[in-house]
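# An overview of the molecular structure
These are the residues of each chain, in order.
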Amino acid sequence: GQVGVDEVGKSTALPVSILGRATSGHVVLGFTAEAAGTATVRIFDLTGREVYRQAVQAITGANRTTLMPAGLAAGAYILRVDAAGKAGVVKFGIE
């Protein structure tokens with residue numbers, strides 16, 4: 001998209017990480033939000049197909065959320081968190 005003058009220097013990145021080992025039904029997510037509110041967590045397979053979506057209530061600062069995506073097959077996935085106008089992405093695998 002286009003960047004306005006007032007947006008220069010503002011980071012749109014949201015720090016996000018997978019905590020511990022992800023399994024087909026249990027993924028622990030950590031992320032840092034600049035403001036409290038609803039965050040949308042989505043998991044995509046490597047073809048870009050959304051395979052899981054959950055809305056979570058975020059607090060300002062460090063957040064830890066346990067996701068229970070049923071039946072994810074072994075393989076690589078991409079997790080995206082959108083919160084307060086920022087987005088964070090992390091790649092993870094399920095064995």
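Residues numbered from 1 in each chain as written. Predicted model: local features only at pLDDT ≥ 70, side-chain atom pairs only at ≥ 80, totals over all residues. Heavy atoms only, no water.

### Section: the sheet that holds strand β7 (residues 86-94)
What counts is decided by this rule: A strand pair is defined by DSSP finding two or more bridges across the two strands. Each helix is a run of DSSP H or I of at least 4 residues and each strand a run of E of at least 2, with the numbering of both proceeding from the N terminus. For helices, the fitted axis covers only the stretch in contact; all axes are lines through C-alpha atoms, and the angles between them, taken along N-to-C directions, range from 0 to 180 degrees.
Here 4 strands make up an open sheet; going across it, the order is β4-β3-β6-β7 and the pairing antiparallel. Both edges of this open sheet fall to β4 (50-58) and β7, since each of them pairs with a single strand only. Each neighbouring strand pair of the sheet contributes to a mean axis angle of 20 degrees, computed without reference to strand direction. Note that strand β6 (residues 75-83) and β7 share 9 bridges and pair antiparallel.

### Re the sheet that holds strand β2 (residues 26-33)
Strand order in the open sheet formed by 3 strands is β1-β2-β5, with antiparallel pairing between adjacent strands. For this open sheet the edge positions go to β1 (16-23) and β5 (61-67), each flanked by a neighbour on one side alone. Sheet twist, expressed as the average angle between the axes of neighbouring strands with direction ignored, equals 15 degrees. Pairing of β2 with β5 involves 7 bridges; the strand directions are antiparallel. Looking across to β5, one finds that Val 28 is bridged to Thr 66.

In short, geometric facts, not functional conclusions.
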